[in-house]
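Letter by letter, the chains look like this.
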Amino acid sequence: MPVDQRRINGPEVTIPYNIYFDSNAKQTETRKTLPKKRTDGRDSTELRKIFVKTGIVSQAKGSAYIEMGKTKVVCSVFDPREIPNKTGYSLQGELFCEFKFSPFSCLKRKIHQQDSEEKEYSIILQRALESAVCRHEFPNFQVDVYALVLDNGGSSLAAAIMASSLALSDASVPMFGLVTAVTAGIYQDRFYLDLTEEEEVICSKAPDESTSSRNYGIVIQANLPQHGQISEFFHVGSMDLANMKPTVEAITTACKELCPVMQQCLVKSVLKALKRKENMEKEDQ
Amino acid sequence: MLEGDQDQEEDQGGLRNDGRRAAELRKIRVRMGVFGQADGSAYLEQGNTKILVAVYGPHQPRGSAARAGGKNVGGIINCQYSTAVFSFSAGERKRRPRGDRKSIEKSLQLRRAMESIIQLDLYPRSQIDVFVEVLQIDGSEYCVAVNAATLALIDAGIPIKDYAIGCTASLIDSTSKNDEDSSHAAGVVDATYMEECSPGATLSIIALPGSSNDATKGLVVVAQGAGQRLHLSRLEALRNRALCGCRDIRNILDRAVRQHLTVHSQPSFSTLHVID
Amino acid sequence: MADIPLSLAEKTFILHGVDANFRNDGRIRNEYRAMELETKLMPQTNGSARIRLGNTDVLVGVKVEVDTPFPDNPFEGKLEFFVDCSANATPAFEGKGGDSLATEISNTLALAYQSPHAINLKTLSILPHQQCWKIYVDILILQCGGNLFDAVSIAVKAALYSTEIPKVTAATLDGGKPDIQLSDDPYDCIKLDAKNFPVLVTLCKIGDNCVVDPSSEEETCSSASIVLSTLPDGRFTSVVKMGHGSLQPTTLIKTLEIGKLVGIKLNASVMESLKKEDALGTNRPIFGFLR
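Residues numbered from 1 in each chain as written. Chains lettered and ligands numbered in written order. Predicted model: local features only at pLDDT ≥ 70, side-chain atom pairs only at ≥ 80, totals over all residues.

Here we come to the interface of chain C and chain B. Put simply, an interface is often sized by how much accessible area is lost when its parts join up. Every contact between the two is made by 23 residues of chain C and, on the other side, 25 residues of chain B. Contributions of two or more residues to the side of chain C that touches chain B are made by strand E3 (56–67), strand E4 (78–85) and strand E6 (131–143) of chain C. Per-element accounting of the side of chain C that touches chain B gives the leading share, 5 residues, to E6(C). Per-class residue counts for the side of chain C that touches chain B are 9 nonpolar, 8 polar and 6 charged. (Contact = placed C-beta atoms within 7 Å. Helix = DSSP H or I, 4+ residues; strand = E, 2+ residues; numbered from the N terminus. Nonpolar A, V, L, I, M, F, W, Y, C, P; charged D, E, K, R; others polar.)

See the structure below:
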């Protein structure tokens, strides 16, 4: 792993002080109550309030901003360019995706270089978008997608996937349809959609051996709701098939519900562009 | 430590730590055609040094080698020497399989050795890839790599002028004066890792033992020592010892190749009795 | 991965074969090719295994080292996967060419093994907060003939099964510094509990059906595949989609159902053959690459 020499990275080994807190006390509390109610009072299949806006980065060809509860993600898409370091001709265009947590977005400070988690998320982001983009329309070219998490309040990868698909359509990249994504957590036979950061931590740790059910885990699923297809599926944790089925179904319905929100946002940006054009024409006359 | 070694040597009646005599090689085991997908491949074991080599080509030049040899009309040989991270005998683990200075240097030396034997004029504007993978290291690994690469080239059916054979000769202790008459004075061949680490110098020679009797053509010499100098008067004896080892290895490998060909050749060939 | 150029007619032929449940090498849809598995073939490692699955050839070496535990997991040891795609497999892997595939495989393995249901890292702790074992699992890909993920995971499971960690006879804190003594007897070792190690099952979607253990020709015909890691009791520790295609929710569920059954069977048969090999004793001949 090459170390970035140009920036001051701080002392090599630092430990965030939070690990010395008695975090167990608070977490076991939420762990116990989680099966009954969620910390923010939502229903298990209820999504957080969502806000989307396109065209917020002036330098980019297309961009989008998404807010889901505390989670805030900015995504920008740049013009197609030739694939660097490539000798052969590729029939299908490529998507280059970079997912990054900003240094201040998480509890622990993130360094400027991508860590392994962010690299993994970049690959997931790429796979989620790839099947939605008409890559045969721009052969031998590459479209760059950058997703930056400003504030991580949980489900930031799902938010990044949605923002990226909006940004791609804002950049007029030909696509088969919009991509929506939802994160779900499973903890002891119950699943919860659209996790907060706290719930993400709980769902990614195995429950005690003494409990009746040992299921836990996180599922990230990206859909093409207009086609009823799953473009990306990612699960980590430990769960059996019986719990997987209802989770997939619930995410699929939730993904369908999210689609109109994104469509409205795109309609709004098109109307705005039309109005601007009208105004310009008037001025010309 | 040093004294102890010498005592041991006397105790062992001139035998080395692993029971070999000074000019004795380790057990050589060969398998050609290990991989189905490569054009040629070979696996070679010399004692505990184990190496796999795959040869691809000749094919159209591509990659960095093509760009580097853009004006080159002759054939291009592309070598990569990489070492498996778990190859060291001791508990230690290598950080990177390739890309460090030593591996790059060995790739270059391997290319020189291969260029000296392949009949490159038969392959204008084409590229031959030789990929070496070291699975276990116990001394002489560069020489074993050259031997294995030669076998892989033969397996790929690429015409070569002669076997390129590598062999090391190591002076266990170049500073001691009293063992002028012992058999170890001229160096020990096919050094193990322990012998290479001893305070003396190690000479690696890549020779073409078949082409002429004095075997000085296409000679590639690599000397390495544990910070020790080698007295010029001892160089000649050391060189002869290594060349002697090269000839022995050549005979063994030649027999292995012929045997491989009788077993695996087409039925029509085996009836011809090409092999004596 | 090694790209095999196939014409449209060849692809259609493979597709029709999968439809008729009779693949072009004579297998049915959920049938594996014959595997050759050998463990403990490298004396310089703590554990090793080599697998040949069709043309796929993978060598795994395991080494253990003493390390300090992560501050946020002071009671646990460490497990690290490193994949090296050797240029022996295909010239495309030369230099840094195989790196993206290597990270993909090592990430997938790390996901499969991250659950405490798969491997209990607490057993690798020597002194909490101070010292722990770090297991390096180094995977060398020598040839790829399709289905790399399954082959690698089986080889990793076998190598970890054969891994022997030196026994710690005394571990004390001496003036705030850890002091560890290992057993003098090199045969006095502890083995890892391989009971729950997962295997990866790749289900390759070709046409409307899923096949297991795809050959490289079949891999080029498919646009999406699901790699799932299954524990011996049929639970999933990770599910990852590969490829650029998309699939329907019902197909996904169907795939997971097939994967669960295949995974249970595969786990059982791998364990069975490992035990059989163990029963041969320490004096069995080692073939390595000479066969």
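Here we take up the sheet that holds strand E12 (residues 209–212) of chain C. Hydrogen bonds between backbone atoms are what pair the strands of a sheet, whose relative direction is either parallel or antiparallel. As summarised here, the arrangement of the 8 strands in space is E8(A)-E7(A)-E9(A)-E10(A)-E14(C)-E13(C)-E11(C)-E12(C), forming an open sheet in which the pairing is antiparallel. The two strands at the open ends of the sheet, each matched to only one other strand, are strand E8 (190–193) of chain A together with E12 of chain C. For this sheet, the mean angle separating the axes of adjacent strands, direction not counted, is 20°. Two elements, strand E13 (residues 224–230) of chain C and strand E14 (residues 236–242) of chain C, share 6 bridges in a ladder whose sense is antiparallel. Paired with C:Val227 across the two strands is C:Val240, which belongs to E14(C). Along the sheet, helix H2 (residues 99–113) of chain C contacts strand E10 (229–239) of chain A together with strand E11 (199–206), E13 and E14 of chain C; its crossing angle with E14(C), the most-contacted strand, is approximately 155°. (Pairing = 2+ DSSP bridges. Axes fitted to C-alpha atoms, helices over the stretch in contact; angles between N-to-C directions.)

Low-pLDDT portions of the prediction should not be read for the details of their coordinates. Residues and elements named next belong to chain B. Of all residues in chain B, 76% attain a pLDDT of 70 or more, and the chain-wide mean is 81. Here residues 1–10 is a poorly scored stretch, pLDDT under 50, and it has 3 contacts once near neighbours within four places are set aside; other chains count. Here residues 270–276 is a poorly scored stretch, pLDDT under 50, and it has 5 contacts once near neighbours within four places are set aside; other chains count. (pLDDT = per-residue confidence, 0-100.)

Quick look at the environment of C:Glu94 now. Inspection of the secondary structure puts C:Glu94 in the loop between E4 and H2. With 53 residues separating them in the primary sequence, C:Glu94 and C:Leu41 have C-alpha atoms 26 Å apart.

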